[in-house]
Amino acid sequence: MVSRVIPVDPFDLVIFGGTGDLARRKILPGLFRRHCAGQMPETAQVIGAARSDMDSAAYRQMVRDAIHEFDGERPDDCPDLAGFLERLHYVAVDAQGEGGWQELKDLLRKNTVKAFYFSVAPSLFGDIAERLKNKGLARRDARIVLEKPFGRDLDSAKALNKTLATYFHEDQIYRIDHYLGKETVQNLMAVRFGNMLFEPLWNSQYVDHIQITVAETVGVGGRGGYYDKSGAMRDMVQNHLMQLLCLIAMEPPSRFEPDAVRDEKLKVIRALEPVQTQDIVRGQYAADGDQPSYRDDAEDPRSTTECFVAMKCHISNWRWAGTPFYLRTGKRLKERTSEIAVVFKETPHSIFDADAGRHRNILIIHLQPKEGMELGVTIKEPGPGGMRLVDVPLDMSFSDALGPDAEDVPDAYERLIMDVIRGNQTLFMRGDEVEAAWAWTDPIIEGWEERGEVPKLYDAGSTGPEDALMLMHRDGRKWREIRS
Ligand code: NAD
């Protein structure tokens, strides 16, 4: 198979916060890989815009170092680092003042597409949007890309949407959730809607329950002060887990087009029932030897912010009534892994002896650390000794079927940035989606605050608090092992 690189129009991409952590770790190395893949038109240019005072030569040096630090072996695979660096420019811009804006305007070429990536603190989104518009840098077809977090509750998200709407139309606003840029997440849609096999079974008649797990091994050390104001519910559930849930649960859109897909996702969020208090567990990791506890990391010995959440959700619609969705995410857990498991019901009647055991199919969508899918099917255990059943994975490893090119897929940021350049909003969150997600999340967080609820402690390197296990056991179900 030959990997296809779809050409994009010539573009000017401005990265506000172009010297920051995200730009250095993800955005710029991702752009470098697109350059190496031959996807960048000759006149495409990338302009770093940030507070630090430096010239373009110093910026190129900074980016060179970042690519070496964060892009593993890749710079050696693609010798044209110099060619990429030539595309880069830098201008010191004050997001809240006047400095640098004219210089930025002078740097923008006549390239067809103008995209402005806001890789800065959300408190600066409004200031930058206002200046882009008022200083005549953004035409009607310009695009702005916004990093998370998008608000910290419904009111702040609404206020931010309102501010942005003063200067830009919704079709110019790209709210990024990098989980949606993952190859497997898109494959989930291909598998669901491109095959006859799965869709007829994709409902509460055949699906027992669905589990979504996003587990991290790292704690919040180093950014504990920031994280403590957010917590797992705001930082992970309201955006990443909710988006994954939407893609699993949504109805087939009439076409694979941005608003058709986003309309269906929105319907899922709106159909989510409020979560019952007994159906949600919060946790904080305990100290482990000389490793700090969550509260040590958060620098607040009385912090009640959660860095672990497990919950059971219900979607009130015909497709999913009666099928629970279990979500779980946390820090300092056993392994770093993200997966979705669609657990089908057992066969209604077993024709085999009791000792053949009861079995069920599970479709697992692996998102991290490796992307791929696995379908567990039940077969006869090979050899003599009667009919004993065993569950084996039906291999859905794309690399075997598609060859080495399947391994060389763009990462989430690369894909999403190129989607911005192409003007395709399918994998970006629309304003009403974000607001609906907060409208569902807010009462949960408010409930904790009103009750003064303290998260349960769990051992670092474990699967979370005991109560999270009980959440499943109570229903006669079990979490899948946290395994990378
Ligand atoms: P950072 O603190 O490392 O960088 C901030 C950048 O903003 C710097 O380039 C700085 O010069 C610039 N800046 C600050 N004040 C400015 C001003 N007044 N005018 C112009 N530029 C100014 O932050 P980061 O970690 O790169 O995060 C950027 C954004 O991305 C944040 O919204 C963050 O929540 C989000 N985000 C970051 C990550 C990550 O992995 N770092 C992941 C997801 C989302």
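Refer to the structure above for everything that follows.
In short, a report on the structure. (Residues numbered from 1 in each chain as written. Predicted model: local features only at pLDDT ≥ 70, side-chain atom pairs only at ≥ 80, totals over all residues. Heavy atoms only, no water.)

1. Observations concerning the overall build of the chain
In terms of helices and strands, the chain carries 16 helices and 15 strands. Radius of gyration (C-alpha) of the chain: 24 Å, near the 23 Å computed for a compact globule of 484 residues. With respect to the three principal axes, the spread of C-alpha positions in the chain is 80 × 55 × 45 Å. Split by element, the accessible area of the chain, about 22000 Å² in all, is 50% carbon and sulfur. (Helix = DSSP H or I, 4+ residues; strand = E, 2+ residues; numbered from the N terminus. Rg over C-alpha atoms; globule rule 2.2 N^0.38 Å. Areas by Shrake-Rupley, 256 points an atom, 1.4 Å probe, with all protein chains shown as cover.)

2. Details of helix H10 (residues 232-249)
Spanning 18 residues, H10 covers only 22 Å between terminal C-alpha atoms, well under the ideal 26 Å at 1.5 Å per step. Along its length, H10 shows its largest kink, about 35°, at Met 242. Among the 18 residues of H10, 18 are classified as buried, and the element is accordingly described as predominantly covered. (Expected span 1.5 Å × (residues − 1). Bend = angle between axes of the 7 residues up to and from the residue. Buried < 20%, exposed > 50% of the residue type's maximum accessible area, 1.4 Å probe, protein only.)

3. As for the pattern of salt bridges
Should their charged atoms come close, side chains of opposite charge can pair. Counted under the stated rule, the structure contains 34 salt bridges. The partner of Arg 319 in a salt bridge is Glu 199, with the nearest N and O atoms 2.9 Å apart. Pair noted here: Arg 319 is in the loop between strand E9 (308-313) and strand E10 (325-330) and Glu 199 is in the loop between helix H8 (183-194) and strand E7 (207-215), with a separation of 120 residues, a long-range link. Judged on exposure class, the residue Arg 319 and its partner Glu 199 are both buried. (Salt bridge = Lys/Arg side-chain N within 4 Å of Asp/Glu carboxyl O.)

4. With respect to the sheet that holds strand E5 (residues 143-146)
Sheet architecture is open: six strands sit in the order E3-E2-E1-E4-E5-E6, paired in parallel fashion. Each edge of the open sheet carries a strand with a single partner, namely strand E3 (88-92) and strand E6 (173-175). Along the sheet, successive strands turn relative to each other by an average axial angle of 20°, direction set aside. Those strands touched by helix H14 (residues 412-422) are strand E1 (11-16), strand E4 (113-118), E5 and E6, and its axis lies near 135° from that of E4. (Pairing = 2+ DSSP bridges. Axes fitted to C-alpha atoms, helices over the stretch in contact; angles between N-to-C directions. Contact = heavy atoms within 4.5 Å.)

5. Regarding the environment of Asp 171
Among the structural elements, Asp 171 can be located in the loop between helix H7 (154-167) and E6. For Asp 171, the residues in contact, after removing those within four places along its chain, are Arg 140 and Gln 425. Polar side-chain contacts of Asp 171 include one of 3.0 Å to the side chain of Arg 140. (Polar contact = N/O pair within 3.5 Å; in protein donor to acceptor, adjacent residues only side chain to side chain.)

6. A word on the pairing of E7
A regular strand carries its side chains on alternate faces of the sheet. For E7, a buried count of nine out of nine residues is recorded, marking the element as mostly surrounded by other parts of the structure. With eight bridges connecting them, E7 and strand E11 (residues 337-344) associate as antiparallel partners. In the strand pairing of E11, Thr 213 is matched with Glu 339.

7. Section: the packing of aromatic side chains
Within this structure, the stated rule accounts for 13 aromatic pairs. An angle of 55° between the planes, with centres 5.4 Å apart, marks the rings of Phe 308 and Tyr 458 as tilted. Of this pair, Phe 308 sits in strand E9 while Tyr 458 sits in strand E15 (residues 456-458), and the two are 150 residues apart along the sequence. Judged on exposure class, the residue Phe 308 and its partner Tyr 458 are both buried. Ring centres of Tyr 326 and Trp 479 lie 6.0 Å apart, and the angle between their planes is 75°; on these two criteria the pair is classed as edge-to-face. Placement of the pair is Tyr 326 in strand E10 and Trp 479 in the segment after helix H16 (466-473), with a sequence separation of 153 residues. Judged by relative accessible area, Tyr 326 falls into the buried class, the value being 0%. Three or more aromatic residues link up through ring pairs in this structure, and these residues are Phe 16, Trp 101, Phe 116, Phe 118 and Phe 125. Between the NZ or CZ atom of Arg 282 and the centre of the ring of Trp 448, over which it lies, the distance is 4.1 Å. One residue, Arg 332, lies across the ring of Tyr 285, its end atom 5.4 Å from the ring centre. (Phe/Tyr/Trp six-rings, centres within 6.5 Å; stacked < 30°, edge-to-face > 60°. Lys NZ or Arg CZ within 6 Å of the ring centre and 35° of its normal.)

8. Re a nonpolar patch on the surface
There is a patch of nonpolar side chains on the surface, built from Ile 351, Phe 352 and Met 387 and spanning about 300 Å² of accessible area. Mapped onto the elements of the fold, Phe 352 is located in the loop between E11 and strand E12 (362-368). (Patch = residues over 30% accessible without salt bridge, like charges linked within 9 Å, V, L, I, M, F, W, Y side chains within 5 Å.)

9. As for empty space enclosed by the protein
Going through the model one piece at a time under the given rule, you end up with one cavity of 30 Å³ or more. Taken as a whole, the largest cavity encloses approximately 70 Å³ of empty space. In this structure, the largest cavity is lined by Leu 146, Glu 147, Lys 148, Pro 149, Phe 150, Arg 175, Ile 176, Gln 238, Asn 239, Met 429 and Val 434. Its residues assigned to classes, the lining of the largest cavity comprises six nonpolar, two polar and three charged. (1 Å grid on protein atoms, 1.4 Å probe; cavity = no way out; pocket = protein on both sides within 12 Å on 5 of 7 lines; lining within 4 Å. Points joined across faces, edges and corners; volume = space filled by probe spheres on them. Nonpolar A, V, L, I, M, F, W, Y, C, P; charged D, E, K, R; others polar.)

10. Description of the site of the ligand
Inspection of the region around the ligand gives 20 residues, with Thr 19, Asp 21, Leu 22, Arg 25 and Val 120 positioned closest. Contacts to the ligand include Gly 20, whose backbone N or O atom sits 3.2 Å from an oxygen atom. One nitrogen or oxygen atom from the side chain of Arg 25 is found 2.5 Å from an oxygen atom belonging to the ligand. Protein burial of the ligand: of its 830 Å² of free accessible surface, 75% is covered by the chains. For the shell around the ligand, the element with the most residues is helix H1 (residues 21-36), which contributes three residues. A class-by-class count of the residues in the shell around the ligand yields nine nonpolar, five polar and six charged. (Near = heavy atom within 4 Å.)

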